[in-house]
Protein chains: 2
Amino acid sequence: MEKAVLITIGDEILSGNTVDTNSNFIASELKNIGIKVIQILTISDEIDTIKNALNNAFEIGDLVITTGGLGPTRDDKTKKALAEYFDDEIALDEVTFNHLKGYMERRGRADILERNREQAFVPTKSIVFQNHYGTAPCMMMEQDGKLCYSLPGVPYEVKPLIKDQIIPYLQKRFRLHYIHTRIVSVVGIPESILADKIENWELALPENIALSYLPVGTRVKLRLTASGDNEELLKQQTEEEIQKLLPLVEGHVIAVSEDKIEKILAEMLTERNLTISTAESCTGGELAKMITSVSGSSKYFLGGMVAYATEKKIKILNISKDTVEQFTVVSEQVAQEMAKGCQQLFDTHISLSTTGVAGPGKGEDGKDVGTVYYTIRIHDQEVTSKLYMPHLERVDFMNFVSQKVIQDLVSLLINS
Amino acid sequence: MEKAVLITIGDEILSGNTVDTNSNFIASELKNIGIKVIQILTISDEIDTIKNALNNAFEIGDLVITTGGLGPTRDDKTKKALAEYFDDEIALDEVTFNHLKGYMERRGRADILERNREQAFVPTKSIVFQNHYGTAPCMMMEQDGKLCYSLPGVPYEVKPLIKDQIIPYLQKRFRLHYIHTRIVSVVGIPESILADKIENWELALPENIALSYLPVGTRVKLRLTASGDNEELLKQQTEEEIQKLLPLVEGHVIAVSEDKIEKILAEMLTERNLTISTAESCTGGELAKMITSVSGSSKYFLGGMVAYATEKKIKILNISKDTVEQFTVVSEQVAQEMAKGCQQLFDTHISLSTTGVAGPGKGEDGKDVGTVYYTIRIHDQEVTSKLYMPHLERVDFMNFVSQKVIQDLVSLLINS
């Protein structure tokens, strides 16, 4: 199997200013065509550091992909490092220059600056993959059958370069193995107990199938990765192993294919022709965002309400003032009335509600930070639960709660 | 200045299944106390690979922090690698075992499993930092004055370990330099033109101040990082440089301190006592989520509506049916009516609306994927803009549009 090393160049990652999402995307795309990422390295924008990293990367990998360090500004030194490492010169590439000119003109910036012109200078041995969404070209260098791609760092420039140009090239270039991945989502069993339950099954897995445990909130994803030459055989093989696994974790499995909980939900709602709406307080829109992040969600998601202020909850979601006064706004009762009001407002089969205190400040009623009540209403049945997660930071709290609400809904739908 | 290397251990990162957010958090916390992260490395869960990585890390850094690879399941080998690397044995640590027992009991799982008991086995030379939010302890090893911390991989276990235990320890342990960072947010100038405008200023920066360009959507963040022994002096020095910079980019600066656009907005709204609400279509809740991700946002954010289905837009936001029929739902006119309806529904000074097609499927009116209209309404004034971003993936599109809307609002508020 071909092995890849990803190198991220840029002080903005090292300083904690930016999260590196490119590596995640690239690793996932490469995995799909059977190339295994064996190392991801983030380094600073210095010529010697970059050359060193290239050197180490080629010792262990057949393919190196760098991102970052190709912008028009002073702190970018990747191109120089590339030329020095591959013992090459940098020269103006006419095709790239014309592409760049066209790109700038389409954006109403006919005055190409000297700095942009510099971006059309590339190592003479490089093969250029033109960037249709930015000014820095992607360059491919080759030595002793090993490949090095150098990409800009902006995620929405990286994605099309990888998907539309590099992946197709690599597929042609290497005779690639097949990789087949299946993810089984298990809920309601702590990781350690789960590990005990399936130990014998795990030990008996064929050599070409690897198992990983990926805990996400209170869900554990069991990922089976099979590799081999025959795609059909791999599919059959993993399916057989999953069939052996299922009885061991009966009643706890919420999905055997899709990975993300919002996609698992999407499949279920579409299959059953159910519609859904949300009424959020402490999750602040994250719940709606998770649901709508799935393509096609407009078929089942009719709308959501983020009712932050109590008076808006009362007015728009038709919560009774008495309930709020008697039980406070962060209460089981308010969560229930929110779900009911939401279901009526949007006229959906299912409604979800959250009310709680994300922190770090205390809630208006003195309730502790980290407390949340949420209601899942399906037709005329409802379940209300409480979570207390005081250790989570604000955004983590919003994410965790949203994940948990959708996960619980999926469990309820499976058992209904 | 102390130098740190971060090592992330785990196949879930290499396979593209999980984004590594721990490194970002740790790098940012270390920077605050003047420790510079010079490399971030992600490797797989194999003993030799881990030992190798530790070896290389200690060649360039004084401090190594590993995350991941400490769970109770079979695919975790970090502890063994640590013991081998530091020439140590693993033995049961009574204090850690009692802590673990207490942790399990509080969670109603008095039956400690053999697998969990194993987690109280640590290298005998290690100093243990107890984990209050999970079962894997954090271990610190020391050799020749260099430190190695080994942490679990779950982000909400990592954060408190770093913040409450490791950072205070490091501050005491090293006599640390001071780091002072300021971020100037510039809009409306492409990166390359900006670089030209401020070139002379940049070249004249003192040696202890570094400049980085961080483009975020259509905004460029200029980050000044100053390091030295005297905190007051650093603040003064960076302030002076910013004062020299401002005239060069006049009319384009939207903030000189806060980094995130939603925090810049938070400051402005709080200062001016303004309230805000949102009516979203294609951003699906992301706009509300961004605004509410700031602590204290309940003071100014009164509520939001995610009106996905057209009929809900009409009903709840009081959009005219005629407008939809005449101009389609993805139109300037509908964006305007949404903002107006939203302002009335939530009774706020400001309202924001988005209507568009996030894709990948075409919108209900055949409008092209990537088209969005958004309206910013402040009191009785409004501005409606159009964006066309067909190359963005669904979630990136939702994020980009939300960023842009808030950025535009900030620009409008500055100039009003």
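This one's a predicted model, so the numbers in the text were calculated from it and none came from an experiment.

**A look at the relation of the copies chain B and chain A**
Okay, so step 1: Laying chain B over chain A is done by rotating through 180° and shifting 0.0 Å along the axis; what remains is an RMSD of 0.0 Å. Both chain copies can therefore be described as sitting about a two-fold axis.
Okay, so step 2: A shared binding surface is used by both copies, with 100% of the interface residues of chain B retained as interface residues in chain A.

**Let's talk about unusual backbone geometry**
Residue and element names in this part refer to chain A.
Okay, so step 1: Non-glycine residue Asn318 carries a positive phi angle of around 65°.
Okay, so step 2: Residue placement: Asn318 occurs in the loop between α13 (310–317) and α14 (321–327).
Okay, so step 3: Judged by its relative accessible area of 58%, Asn318 is exposed.

**Considerations on the interface of chain B and chain A**
Okay, so step 1: Tallying the contact residues gives 93 residues for chain B and 93 residues for chain A.
Okay, so step 2: In this assembly, chain B packs against chain A so that about 7,500 Å² is buried in total across both faces, 55% of it on carbon and sulfur atoms.
Okay, so step 3: Residues Glu393(B) and Lys163(A) are paired through a salt bridge, measuring 3.4 Å at the closest nitrogen-oxygen approach.
Okay, so step 4: Linking chain B to chain A there are 38 residue pairs in polar contact (both at pLDDT 80 or more).
Okay, so step 5: Class assignment for the residues of the side of chain B that touches chain A results in 39 nonpolar, 29 polar and 25 charged.

**Some details on the nonpolar core**
For soluble globular proteins, nonpolar side chains are generally found buried alongside one another.
Okay, so step 1: By size, the foremost hydrophobic cluster in this structure holds 44 residues, and its most contacted members are Ile7(A), Leu54(A), Cys148(A), Ile7(B), Leu54(B), Val64(B) and Cys148(B).
Okay, so step 2: Non-local contacts of Leu54(A), meaning those with residues more than four positions away in its chain, are made with Ile7(A), Val64(A), Thr66(A), Leu82(A), Tyr85(A) and Cys148(A).

**Focus on the sheet that holds strand β12 (residues 253–255) of chain B**
Residues and elements named next belong to chain B.
Okay, so step 1: Within the open sheet, the four strands sit side by side as β10-β11-β9-β12. Their pairing is antiparallel. Every other strand in the sheet has two partners, leaving β10 (209–216) and β12 as the edge strands with one partner each. Sheet twist, expressed as the mean angle between neighbouring strand axes with direction ignored, is 30°.
Okay, so step 2: With two bridges connecting them, strand β9 (residues 178–187) and β12 associate as antiparallel partners. Considered in β12, the bridge of Ser185 is made with Ala255.
Okay, so step 3: Packed onto the sheet, helix α10 (residues 231–245) meets β9, β10 and β11 (219–228) and runs at close to 20° relative to β9.

**Focus on helix α15 (residues 332–346) of chain A**
Residues and elements named next belong to chain A.
Okay, so step 1: Helix length check: α15 (15 residues) gives 21 Å between terminal C-alpha atoms against 21 Å at 1.5 Å per residue, within 8%.
Okay, so step 2: Here α15 has its buried residues at Val334, Ala335, Met338, Ala339, Gly341, Cys342, Gln343, Leu345 and Phe346.
Okay, so step 3: Once α15 finishes, Asp347 follows within two positions and takes phi at roughly 55°, a positive value.

**Observations concerning the confidence of the model for chain A**
Okay, so step 1: The predicted model of chain A has a mean per-residue pLDDT of 89, with 95% of residues at 70 or higher.
Okay, so step 2: The ipTM, which scores confidence in the relative placement of chains, is 0.79 for this predicted complex, and the corresponding pTM is 0.81.

**Some remarks on helix α10 (residues 231–245) of chain A**
Residues and elements named next belong to chain A.
Okay, so step 1: Taking 1.5 Å of rise per residue, the 15 residues of α10 would be expected to cover 21 Å, and the 21 Å separating its terminal C-alpha atoms lies within 8% of that figure.
Okay, so step 2: Where α10 is concerned, the buried positions are Leu234, Thr238, Glu241, Ile242 and Leu245. Burial along α10 is one-sided: seen end-on, the buried residues are contained in an arc of 100°. More than 90 degrees from the buried face of α10, the exposed residues found are Glu232 and Leu233.
Okay, so step 3: Elements that come into contact with the buried residues of α10 comprise β9 (178–187), α9 (199–203), β10 (209–216) and β11 (219–228).
Okay, so step 4: At the N-terminal end of α10, a side-chain oxygen is found 3.1 Å from the backbone nitrogen of Glu232, two or three residues along, and the residue is Asn230.

**So, the pairing of strand β17 (residues 381–388) of chain A**
Where a strand is regular, its side chains alternate between the two sheet faces.
Residue and element names in this part refer to chain A.
Okay, so step 1: Judged from the eight bridges that link them, strand β16 (residues 371–378) and β17 form a sheet pairing that is antiparallel. Each residue of the ladder has a partner; that of Arg377, found in β17, is Glu382.
Okay, so step 2: Connecting the antiparallel pair β16 and β17 is a turn made up of two residues, with His379 showing a positive phi of about 50°.

Basis of the calculations
Residues numbered from 1 in each chain as written. Chains lettered and ligands numbered in written order. Predicted model: local features only at pLDDT ≥ 70, side-chain atom pairs only at ≥ 80, totals over all residues. Heavy atoms only, no water. Least-squares fit on C-alpha atoms with pLDDT ≥ 70 in both. Contact = heavy atoms within 4.5 Å. Helix = DSSP H or I, 4+ residues; strand = E, 2+ residues; numbered from the N terminus. Buried < 20%, exposed > 50% of the residue type's maximum accessible area, 1.4 Å probe, protein only. Buried area = accessible area lost by both parts, 1.4 Å probe. Salt bridge = Lys/Arg side-chain N within 4 Å of Asp/Glu carboxyl O. Polar contact = N/O pair within 3.5 Å; in protein donor to acceptor, adjacent residues only side chain to side chain. Nonpolar A, V, L, I, M, F, W, Y, C, P; charged D, E, K, R; others polar. Core = buried A, V, L, I, M, F, W, Y, C linked by side-chain atoms within 4.5 Å. Pairing = 2+ DSSP bridges. Axes fitted to C-alpha atoms, helices over the stretch in contact; angles between N-to-C directions. Expected span 1.5 Å × (residues − 1). pLDDT = per-residue confidence, 0-100. Arc of directions from axis to C-beta.

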